[in-house]
Structures are given as C-alpha cells and as structure tokens.
Amino acid sequence: MNQPIIGMIGLGMMGTPMANNLLKANYIIHGFDLHLGAKEKLSHFANFHWQSSAKEVALSSDVIILMLPDSKIIDELLWGQLQDGIVFDCKPHTLFLDMSSSNPSNSKNNAEKLKALGHEFIDAPVSGGVKRAIDGSLAIMVGGEKTSVENMMPILQAMGKTIIHVGSSGAGHAVKALNNYVSASGLLAVSEALVAAQAFGIDPHLANQVFNASTGKNNTTDVKVENFMLSGTFNSGFAIALMRKDIQTAKDFIDDMKTSGGFASTCLEHWSAAEQGLEKGADHTAMFKFVKNQPKE
Ligand code: NAD
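Residues numbered from 1 in each chain as written. Predicted model: local features only at pLDDT ≥ 70, side-chain atom pairs only at ≥ 80, totals over all residues. Heavy atoms only, no water.

Draft legend 1. Structural context of the domain arrangement of the chain. Taken domain by domain, the chain consists of domain 1 (6-167) and domain 2 (174-292). Here the C-alpha centre of domain 2 lies 28 Å away from the C-alpha centre of domain 1. Listed by partner, the interface residues are 13 residues for domain 1 and 11 residues for domain 2. Summed over both sides, the interface between domain 1 and domain 2 buries roughly 940 Å², with carbon and sulfur atoms accounting for 64% of that surface. The largest share of the area that domain 1 buries against domain 2 comes from S101, P104 and M141, three residues that together contribute 42% of it. At the junction of domain 1 with domain 2, the criterion picks out zero salt bridges. At the surface where domain 1 touches domain 2, the tally comes to three residue pairs in polar contact (both at pLDDT 80 or more). Grouping the constituent residues of the side of domain 1 that touches domain 2 by class yields eight nonpolar, four polar and one charged. (Domains from an automatic or database assignment. Contact = heavy atoms within 4.5 Å. Buried area = accessible area lost by both parts, 1.4 Å probe. Salt bridge = Lys/Arg side-chain N within 4 Å of Asp/Glu carboxyl O. Polar contact = N/O pair within 3.5 Å; in protein donor to acceptor, adjacent residues only side chain to side chain. Nonpolar A, V, L, I, M, F, W, Y, C, P; charged D, E, K, R; others polar.)

This is the structure in structure tokens:
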C-alpha cells in the first residue's frame, strides 16, 4: 500500500500522542473524537485533517485506527445498532487497526465479520502508558493474519518500539488484558506492602528503594511509586476504570480458557472496590490512596 490515508478515531490520552508520532512520520491523518479538544492539539500539523464525524473518517481513509475506551463502544461504532455503523461507509478493502484494549472474543468476531465483507482487521493494543506514547516507544502486541500485519509494520513502528505478532485475531487483545492483570496485581501488592511498611514506621521511599534493588522490583516500583503514588499526584494518565475493565477482560478470558484464575478473581474484586470507592475519573495509581484509607479489618 502506498502511503495510505490513516483515519484515527479516538484522540484521547493515548490517541493524541500516537497520532502526533504518525504525523511527524509524514502520514496523513483524518481524525475524529467526540471531544473537540483533540482537534486543537493536532491542528498545527498540515497533514492533520479533522473530520466532522466517524463516518467522514470512514469514507476517506484506507486504514482506520481505533483508540477508544472499550469493545462496547467499538462494536457500536463499527456496526451500529441498526447496521448503520462506519463499516457500511468505508472504502473497499479497508484495514481496521484496533489499538484500544478491547475484548479478544469481540475482536475475533470483528475480524471474521470484516473479512466476509472484504476488509481486514488487526488487533494491536499497546502498553507503556502516556509517556511512551509520547516518545514513540510503546510495546505493541499484534493479532491477525501475517500479511496484513507485515503491511502495517511501518505504521506500527512509527508509534512503538517493540512490536510482537503474538497470533491470530484476538491474540493481541488477550495478551494485553493478561499483561494488565499482571501489572495490576503488582500495583496492588506494592500498595499493600508500602502501607504496612509505613505503619511500622519505615520510610516508604526507602522500602521502595529496597524493592527496586531486590526481587520485588516491578513496573510499579520502578516507574509509578515515586512519580505518581508517594508524590500524591496520582496522574499517570491511565484511568482506574480502564484498568478495572482490563482485569475484567483478563478474568473473562481465563474463564473462557477454563484455566485456573482464583487470584484474578480476587484481584478484580479489589480493583472494582477501589473504582467504586475513589472519585469519578480517578487515576489507577490512586489505588495506593484507597489501600491507605481502608479501615483495618
Ligand atoms: P481516553 O478516555 O483518554 O480516550 C478515549 C477517547 O475516545 C476520548 O477522547 C473519547 O472522547 C473518545 N471517544 C469515545 N467514544 C467515542 C466515539 N464513539 N467516537 C469518537 N470518539 C470517541 O482513553 P485512553 O487513556 O486514551 O485509552 C484509550 C484505549 O487505550 C483504552 O482502551 C485504554 O484501555 C487503552 N490504553 C490506555 C493507556 C493509558 O495509559 N492511558 C495505556 C495503554 C492502553
């Protein structure tokens, strides 16, 4: 495909910096988001063209990137409630690249339905957060047919550093959900450990220093504890509602696979309680604040 026109629907915390990197790599983007603020952030690029609706994006793009909250929104956008979704407006042989953290079985289904209509679908969710979306070093886990994935490599490489084709349609979304379950477990464990250390009179900064020099080290101890948790800023850019959704997706996936998932259920219970107990729109790093404020049993 010669320099495709990229449609981008969903220009939020992640979509905007990802679009920024595609624009810097000279791709033409036709973008849309329900929130108009996104338009201003990219309008200084001559190769960025804001569209008035998702349908306008579909009519004019060769590759459509979706960077939206969840599968419910994606399925509604694609298919509509009365078969009036953007799939019915797009060009022949459109390639849909779902980079959101979606549900693997919905994605598998979307891939099959789109293929029957002559389109292609790749699931390519990302990891690394807003910081790595900005510097173009995201990890991208990809599910889909080999040729489609190979064709999309230059586009993916403009946004990410480590791109791994993990399997057929839905596999990327499965690995993404499992990754976030593992990450969420780590953050919850670190929160409980630091609160207990503090209760004993140990400086939590020193405790985290020990974790980082020892076997307890993980992404939370390395990246989040000082920057977003002990600092009290709780502003990593990844909402707790999205993290809870990802753990739910992982738990549902484990259930579907009929493999052992007792810890995933416990993890989900804690994150659901925190989402309900914290203010609306809270960042996922506010789990630390939630654990700290829990009454003793
Ligand atoms: P976000 O809420 O900041 O952005 C989502 C955007 O989608 C919003 O701007 C919203 O207005 C827009 N939107 C919703 N419905 C729409 C529709 N029907 N049409 C057009 N626009 C619509 O979320 P985010 O943090 O950018 O996350 C996007 C996806 O990436 C999610 O699936 C999330 O789980 C995943 N993700 C997020 C992070 C992170 O650190 N924030 C990291 C990895 C993956």
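Draft legend 2. Up close: helix 7 (residues 146-157). For helix 7, with 12 residues, the first-to-last C-alpha span of 16 Å sits near the 16 Å given by 1.5 Å per residue. Here helix 7 has its buried residues at S148, V149, M152, I155 and L156. The arc that holds every buried residue of helix 7, seen down its axis, measures 100°, which confines them to one face. Relative to its buried face, helix 7 has exposed residues pointing more than 90 degrees away, namely K146, T147 and Q157. (Helix = DSSP H or I, 4+ residues; strand = E, 2+ residues; numbered from the N terminus. Expected span 1.5 Å × (residues − 1). Buried < 20%, exposed > 50% of the residue type's maximum accessible area, 1.4 Å probe, protein only. Arc of directions from axis to C-beta.)

Draft legend 3. Spotlight on the site of the ligand. What surrounds the ligand is a group of 23 residues, the closest being M13, M14, D33, L68 and K245. Measuring from an oxygen atom of the ligand, one finds a backbone N or O atom of L68 at 2.9 Å. With respect to the ligand, the backbone of G237 contributes an N or O atom lying 3.0 Å from a nitrogen atom. A total of 830 Å² of accessible area belongs to the ligand in isolation, and the protein chains cover 85% of it. For the shell around the ligand, the secondary structure elements donating two or more residues are helix 6 (129-134) and helix 11 (240-257). Within the shell around the ligand, the residues separate by chemical class into 13 nonpolar, seven polar and three charged. Taken domain by domain, the shell around the ligand gets at least three of its residues from each of domain 1 (6-167) and domain 2 (174-292). (Near = heavy atom within 4 Å. Areas by Shrake-Rupley, 256 points an atom, 1.4 Å probe, with all protein chains shown as cover.)

Draft legend 4. Region of the structure containing the side chain of H173. Inspection of the secondary structure assignment puts H173 in helix 8 (residues 171-200). Excluding residues within four positions of it along the chain, H173 makes contact with D98, S100, S101, S102, N103, P104, S107, D123 and P125.

Draft legend 5. Structural view of the pairing of strand 4 (residues 63-66). What you see with strand 4 is no split at all: V63 and I65 on one side and I64 and L66 on the other are buried throughout. Here strand 4 pairs with strand 5 (residues 95-98) via four bridges, running parallel. Looking at strand 5, one finds that I64 is bridged to F96. Since strand 4 and strand 5 lie parallel, the crossover through helix 4 (residues 71-79) that links them has a hand, and here it is right-handed. (Pairing = 2+ DSSP bridges. Right-handed = clockwise from strand over helix to strand, strands pointing away.)

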